[in-house]
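Close look at the chain arrangement
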Amino acid sequence: MVPSSVVAVVPSSVVAAPSSEEGAVVPSLEEEGVCRPRYHPMEGRSTFEEIGRSPLRRGAIDKIELLKPEGEAMRPDEAWGLRWHSCAHPLSHRYMEVACDKRSLVVLAADVSRVDDLVELVESVGPHIAGLKTHVDMTEGFTIGEWGRVVDVAKKHGLLIFEDRKFADIGRVTETQMGGMYDIRSWADLVTSHSISGPDIVDGIAAAWDSVQRIGGVLLLAQMSSRGNLLEVGYTDSTIEMGTASPHVIGYIGNGSNPDEISSLREKVGEGRMIWTPGVNLSAEEGALGQRYGHPSNAILAGSDAVIVGSGIHKSEDPVAAAKAYGEATWAALMSR
């Protein structure tokens, strides 16, 4: 495990041993706390080994300081088991390390429109969350300079920044959308994408990160928690197939309101990709405009690796206490599964 006083990076020298099973990924554990995967080459797809050999990409993963709570933190491999050993994308490991340090599997959905309010919220609940989900296009009076304050406070608290953009266009257009006025490629560690336009969309996102010498991860929408959504089983299966073929896909978005659907998704996905789930609330009632909720503990027990919580925290009378409660519930569930 990386000690809490040390910044976590993925050295270019760490590579995985090849697997005898075609298409498999076997992470190397020769250096504790880090993993660089080896993917069997795929036509038109870059691999993390190639990234490691490129002098332009070395050190491209931003350094973060891991925050250590009171007491000795559990080692990530002990807490996460097969997920730690099977997930190949380096940002998977970075998230799991932070979650262990915080004892929380909570990603804050900071759906607020003012930068001042967003920074204040993250500053207060940052010690109790493991990631930050944003909707940058909701920001009133956006400037890239002001948005830098959000990036700075996220880094201060060791949080991956997850822009929930839900890209859906062709690869070339999506690559352009990663830049533009919001310049998502320059600050987001993770983004969401639909699979409706085919696998080139993932390559377009990865190309945008390549252009600014950063490594990022894509979460494909395999399920949704809103009432009446059109992501049926066949679509989910095709999305998983598409994600399995790409080294840039860190995992999938699942339906946190339905543990049975999460369990089914986990069975299909296996241990080598993450599942992050919105649609959870400690008060599991139906929300506004068709949003459905399940209990965060049930989502984690069913196979989710992160619960995405918005109004349950930022609309609470005491957001800090709420963030702690969600963190404690999710960590207890991880320790029980």
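Here we summarise the structure given alongside this text. (Residues numbered from 1 in each chain as written. Predicted model: local features only at pLDDT ≥ 70, side-chain atom pairs only at ≥ 80, totals over all residues. Heavy atoms only, no water.)

Side note on the sheet that holds strand 10 (residues 306–309)
Ordered by their spatial adjacency, 8 strands build a closed barrel running 3-4-5-6-7-8-9-10, and the pairing between neighbours is parallel. Here the average twist between neighbouring strands, direction ignored, is 30°. Bridge count between strand 8 (residues 249–253) and strand 9 (residues 274–277): 3 bridges; the pairing is parallel. Residue Gly251 lies in a different strand from strand 9, and its bridge partner there is Met274. Here helix 4 (residues 90–102) sits on the sheet and contacts strand 5 (160–167), strand 6 (190–193), strand 7 (217–221), strand 8, strand 9 and strand 10; the angle it forms with strand 9, its principal contact strand, is near 55°. (Pairing = 2+ DSSP bridges. Helix = DSSP H or I, 4+ residues; strand = E, 2+ residues; numbered from the N terminus. Axes fitted to C-alpha atoms, helices over the stretch in contact; angles between N-to-C directions. Contact = heavy atoms within 4.5 Å.)

Quick word on the pairing of strand 5
Of all the 8 residues making up strand 5, 6 are buried; the element is thus mostly covered by neighbouring parts of the structure. Sheet topology places strand 4 (residues 131–134) next to strand 5; 4 bridges connect them, and they run parallel. Residue Thr134 lies in a different strand from strand 5, and its bridge partner there is Glu163. Viewed along the sheet, the connection from strand 4 through helix 6 (residues 144–156) into strand 5 turns out right-handed. Relative to strand 6, strand 5 is paired through 3 bridges, and the arrangement is parallel. Considered in strand 6, the bridge of Glu163 is made with Val191. Handedness of the strand 5-helix 7 (residues 171–177)-strand 6 crossover: right-handed. (Buried < 20%, exposed > 50% of the residue type's maximum accessible area, 1.4 Å probe, protein only. Right-handed = clockwise from strand over helix to strand, strands pointing away.)

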